[in-house]
Amino acid sequence: MIERGHWIGGEWVAPVEGAYLDNPNPATNQVFSRVARGTSADVNRAVEAAKSAFPAWSKTTVEYRAALCEAIADRIAARAEEFAALESQDQGKPVSLASRIDIPRAETNFRFFAGAARHSRSDCFPMPTALNYTWRRPVGVVGLITPWNLPLYLLTWKVAPALVMGNTIVAKPSELTPMTASLLADVMAEVGVPPGVFNLVHGLGREAGQAMVEHPDIQAISFTGGTSTGATIAATAAPKFKKLSLELGGKNPTVVFADCDFEKAVAGTAKAGFTNQGEVCLCGSRILVERPIFESFVTALVERVKAIQIGDPSAPETGMGALVSQDHRAKVESYIALAKEEGGTIHCGGKRPELLAPFDQGAFLEPTVITGLSHDCRVVQEEIFGPVVTVHPFDSVEKALALANGVRYGLAASVWTQDLTKAHRFSEALQTGMVWVNTWLERDLRVPFGGVKESGVGREGGRYSLEFFSEVSNICIELGGPLGE
Ligand code: TXE
């Protein structure tokens, strides 16, 4: 049994109140580790360590911090198999997916932000009699709160820019997936990140997470997670004037026009719906298909989805693993039950697969395709965050746009058409922070990442992250008259 305390001030420490949380593997429901159940007392210790480390760390050079980030990336690469196995054990996802996506991205996050910081620039605004230039300094102690769907991937997406900009960190991973964050702390020690620069507190959101958001000495909170949690965090942090970045949920449309490349659109739609068990905030769970190809599209999609192999996350042929927890599966199943009540047709999935022990105890659920639901029912309006998609026909571009924008979320969309003008005009009318045309989840780490409406506040990625994790000042120097006068 693995046991992890908090990583504070460069060492593993036991929780002040002595409590631990059991951590089951969702694919087998067997507890394989225990992690500290942090309270405000642990958060206070972590903040003290981060505050003590800040003066020296914030004075180090960008080059030094970038080199440390690269050393972290090297160690993640060297221990990639260990990271991938642990991510799968903790989260339920296939090891192959963690090895292909999660862990390489975690490594790249550190390399990318090392480069981005080295190449960052400041602005200059010359006046006839004065010179203005912008100067960036770190924010201070920053709090990073991350979810369970892409645990190391999303944590490092925040840690790397925060570190390289000279902040010190208190991070809290999801209580459901604490293990790779703990391994990251080991890596920090291996490469010589000074004590107190990176601190990790484990525990529940309403305890440890809430204590971080309330702490007066944490100056910025970067959060990725559910929209209702985001609202609680915003309500707590706003009166304290903390900097806030909120990456929240989505109910993203995949819009398929009749003039699309059919095969490519079917493959892309299936990928957007079911990657990582549908547990990605960017997943396209509302599929809108132009009427002339609706029937053939549903048939082709269902055929493709039925071919996804579900089961043992460590088997190379597995395309879909377990959901993150039994509770989460129950929530997803409740939406499937609701879809049936509302008259929806389940074309495939909708039930638990029959698997051999020990996976018969796991939180598996077959990938599910539903049609026949009205657009205003809860299944179509709310984020399910599981392997469930609904498919809807549309008859005009205007109707497609109204349906695509007709939810409270506005994170991402994908649009499938070979008409470039339509692709552009439609994309600019979509109320989302990101649009993919004829592709999905093709990511350049420089681009702005984030949503509108109830999908969040702020942007991450490239200079947007560097700006969030720093405070900008304008310095204005009076120059007097021309030289020699
Ligand atoms: O996420 P939470 P949950 C969505 C998805 C899912 C739903 C709920 O629809 O079904 O959210 O999932 C911490 N103060 N997404 O409950 O609660 C928590 O400990 C401070 C979308 O698991 O948002 C964890 O570290 N922190 C999503 C983190 O917040 C708090 C990813 C995220 O947990 C807190 C995950 C509080 N009061 C779920 N309460 C995405 N958009 O990527 C919780 N936390």
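Whatever comes next refers back to the structure up there.
A few points on the structure. Nothing here was measured: the structure is a model prediction, and the numbers come from that model. (Residues numbered from 1 in each chain as written. Predicted model: local features only at pLDDT ≥ 70, side-chain atom pairs only at ≥ 80, totals over all residues. Heavy atoms only, no water.)

## Observations regarding the site of the ligand
Among the 27 residues in the neighbourhood of the ligand, the closest are listed as Thr 146, Trp 148, Glu 175, Gly 226 and Lys 331. One of the side-chain N or O atoms of Trp 148 is found 2.6 Å from an oxygen atom in the ligand. One of the backbone nitrogen or oxygen atoms of Gly 226 is found 2.8 Å away from an oxygen atom of the ligand. Here the ligand has 810 Å² of accessible area as a free molecule, and 86% of this is covered by the chains. Where the shell around the ligand is concerned, the elements lending two or more residues are α7 (205-214), β11 (220-224), α8 (227-237) and α11 (326-341). Looking at side-chain class alone, the shell around the ligand contains ten nonpolar, 13 polar and four charged residues. A domain split of the shell around the ligand shows at least three residues from each of domain 1 (2-248 + 455-474) and domain 2 (253-437). (Near = heavy atom within 4 Å. Polar contact = N/O pair within 3.5 Å; in protein donor to acceptor, adjacent residues only side chain to side chain. Areas by Shrake-Rupley, 256 points an atom, 1.4 Å probe, with all protein chains shown as cover. Helix = DSSP H or I, 4+ residues; strand = E, 2+ residues; numbered from the N terminus. Nonpolar A, V, L, I, M, F, W, Y, C, P; charged D, E, K, R; others polar. Domains from an automatic or database assignment.)

## A short note on the pairing of strand β5 (residues 30-36)
It is a general feature of regular strands that their side chains alternate between the two faces of the sheet. Relative to β5, strand β1 (residues 2-4) runs parallel, the two sharing three bridges. Its bridge partner being in β5, Glu 3 is matched across the sheet by Arg 34. Across six bridges, the pairing between strand β4 (residues 20-25) and β5 is antiparallel. Note on β5: the bridge partner recorded for Tyr 20 is Ala 36. (Pairing = 2+ DSSP bridges.)

## Here's the deal with unusual backbone geometry
Residue Pro 358 is reached from Ala 357 by a cis peptide bond, and omega for that bond is 5°. With respect to the helices, strands and loops of the structure, Pro 358 is situated in the loop between β15 (345-348) and β16 (368-371). In this structure, Gln 277 is a non-glycine residue whose phi angle is positive, near 60°. Position of Gln 277 among the secondary structure elements: in the loop between α9 (262-274) and β14 (284-290). For Gln 277, a relative accessible area of 0% gives the class buried. The phi torsion at Phe 385 lies on the positive side, around 60°, for a residue other than glycine. Checked against the element boundaries, Phe 385 lands in the loop between α12 (378-381) and β17 (388-394). Residue class for Phe 385 comes out buried when judged on its relative accessible area of 15%. (Buried < 20%, exposed > 50% of the residue type's maximum accessible area, 1.4 Å probe, protein only.)

## A few points about the side chain of Asn 252
The residue Asn 252 is located in strand β13 (residues 252-256) in this model. Taking relative accessible area as the criterion, Asn 252 reaches 2% and is therefore assigned buried. Here Ala 412 takes part through its backbone nitrogen, which lies 3.0 Å from a polar atom of the side chain of Asn 252.

## Concerning the environment of Lys 271
Note that Lys 271 resides in helix α9. A sequence separation of 187 residues divides Lys 271 from Ala 84, and the C-alpha atoms of the two residues are 21 Å apart.

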